[in-house]
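# Topology and contacts: notes
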Amino acid sequence: MEISKEQVFERAKKGKLWAGNLIEGYQSNAAKLENRTPIDNSVIGYIADGSVSDIDAAVSLARSTFKAGNWRGLSPQQRKQVMLRWAQLVEEHSEELAALDCIDAGKPITECLNTDLPATIETFYWYAEAVDKLFGKVAPTSQQELGLIVHEPIGVVGAVLPWNFPAQMFAWKVAPALAVGNSVIVKPAELTSLSAYRLVELAYEAGVPKGALSLVCGLGEKVGEALGRHSDVDMVSFTGSTEVGRLFLKYSAESNLKEIVLECGGKSPQVVFEDADIDAAIPHIMAAAFWNMSENCSCGSRLIVHERIKSLLLEKLIAAAALWKVGNPMDADVSIGPMVEEAHFEKVKSFLALTIKEGGHLVTGGKIHSEIGAGWYIEPTIFDDITPQMSLFKQEVFGPILAVTSFNTDEEAVALANDTQYGLAASFYSQNIHRVMNIARQINAGTISINGFSEGNITTPFGGFRQSGFGGKDNGIEAFEQYTQTKVIWFINH
Ligand code: NAD
């Protein structure tokens, strides 16, 4: 049954939203954790407080399903049909899923409806359609031999998700991993498990065998760690902070050396040259800096601008920032909702005082909107005169605070852009194509945008360099490489 956003919000008001473990044939006795919305900190329901035993049960089920072959053993065409039905069900329930992400993460409803869910649905369709178009290879050999290069599913895959794009990150990982025949165990972020629960229910309705897809909700340090350390998990695909990504490498090293793919944080530069079309650049700079309350891994949080145009650019950014309405994300005209939880709000807020103490100059914003809901609302904020030594230049804030640094030469711009431990994304604004072509090749980042802000789309691989992650890419045909292993089979004619 399709559920409207109003019905979701009504259920939330009554504290009735639920996300539990989904592990076929296993009775979990997990306790419940309160689920509060960052909108006003009220209880909207509960999630399962999953345990190590729940992970053990999910892994054992995933392994036996993989061995039995009732998903893996289907032809790609058969898996495609099931995945297409799933995509269609997700499409039919998109309003419900958008409302769940809005209330769970405090994301603006308009963004959830018009950006997150369309991208999520497209991802499911795309990998369903792609899976029966993957070919292996034949090695160049003499006529006495035949060498086949084939790609096989890895086995039991753990997908560990962040809270900033809950439905979309689920799709990015689960759609390709499942399409190629793996058994997948999803561990959503404890702050945002609601849409993951519904997506798994819809998968079952579409005909995905229950043993091939399980959900274990709960705390990262409990179920996330148990998944990372489990000796019968073949790989974990992780999106989240660099700090926790590091832990997954440790879990792997201390257990079965499972493969780990990391998509982690960023401190991405946006470089504006003196010959840029400033008016055309403004909406892109704003989106890169403040979209999704800047709770975005590829957020362009460092604005590196040519000294000669800095005042003009800042004047226009101040005017643009004033148009981004801060408020209840359930309202259609709101662009900036709350920070996802109080602890994160406190962390982001601490950068305001710290940046002033370190010598940054507040250009606009800086206000906490304590009059709205729980009060975890921070307006778009811009600091000028940020040097590479300052915390705001170096650390990922994951909140709406933009650092402005100026330069005079192209060499300086490149050095500043690359002056980071991360390497997820970068944007360059200039009307001189030779200049930006040359510079794009010198930048250490996985996605470079010229005259705009883009994370690419489903057709293009997404992922970082350096401490932004490694091991594989999300999106594009390349994502299948994460979830398959390559085998060579030789036939020898005697
Ligand atoms: P997080 O690292 O706190 O949590 C991510 C996941 O890891 C959650 O499911 C969490 O429960 C789990 N986890 C937490 N502690 C754990 C532990 N000790 N052991 C095992 N699992 C644990 O990240 P977050 O706060 O949810 O997300 C924000 C971060 O994610 C930011 O740094 C952001 O840049 C990054 N991110 C990256 C991408 C990308 O594609 N590169 C996309 C979105 C978010």
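Please refer to the structure higher up on the page.
Residues numbered from 1 in each chain as written. Predicted model: local features only at pLDDT ≥ 70, side-chain atom pairs only at ≥ 80, totals over all residues. Heavy atoms only, no water.

## Structural notes on the environment of Ile450
- Note on placement: Ile450 falls in strand β17 (residues 447-450).
- The spacing of Ile450 and Phe170 is 280 residues in sequence and 28 Å in space, taken between C-alpha atoms.
- Excluding its chain neighbours within four sequence positions, the residues that come into contact with Ile450 are Phe428, Val436 and Ala440. (Helix = DSSP H or I, 4+ residues; strand = E, 2+ residues; numbered from the N terminus. Contact = heavy atoms within 4.5 Å.)

## Here we look at the site of the ligand
- Around the ligand lies a shell of 29 residues, among which Leu161, Trp163, Glu190, Ser241 and Glu396 are the nearest.
- Here an oxygen atom of the ligand and a side-chain polar atom of Lys187 are 2.7 Å apart.
- Put simply, the parts of the chain that give the shell around the ligand at least two residues each are α8 (220-229), β9 (235-239) and α9 (242-254).
- Along the lines of polarity and charge, the residues of the shell around the ligand split into 16 nonpolar, seven polar and six charged.
- Composition of the shell around the ligand by domain shows at least three residues from each of domain 1 (5-264 + 469-489) and domain 2 (269-457). (Near = heavy atom within 4 Å. Polar contact = N/O pair within 3.5 Å; in protein donor to acceptor, adjacent residues only side chain to side chain. Nonpolar A, V, L, I, M, F, W, Y, C, P; charged D, E, K, R; others polar. Domains from an automatic or database assignment.)

## Concerning the sheet that holds strand β2 (residues 31-36)
- Pairing in this open sheet of three strands is mixed, and the strands run β1-β3-β2 from one edge to the other. Whereas interior strands pair on both sides, the edge strands pair on one side only; in this sheet they are β1 (17-19) and β2. Going across the sheet, the axis of each strand differs from the next one's by a mean of 25°, ignoring polarity.
- The pairing of β2 with strand β3 (residues 43-49) spans six bridges and is classified as antiparallel. Paired with Leu33 across the two strands is Ile47, which belongs to β3.
- The strands that helix α7 (residues 194-206) touches are β1, β2 and β3; relative to β1, the one it contacts most, it runs at about 70°. (Pairing = 2+ DSSP bridges. Axes fitted to C-alpha atoms, helices over the stretch in contact; angles between N-to-C directions.)

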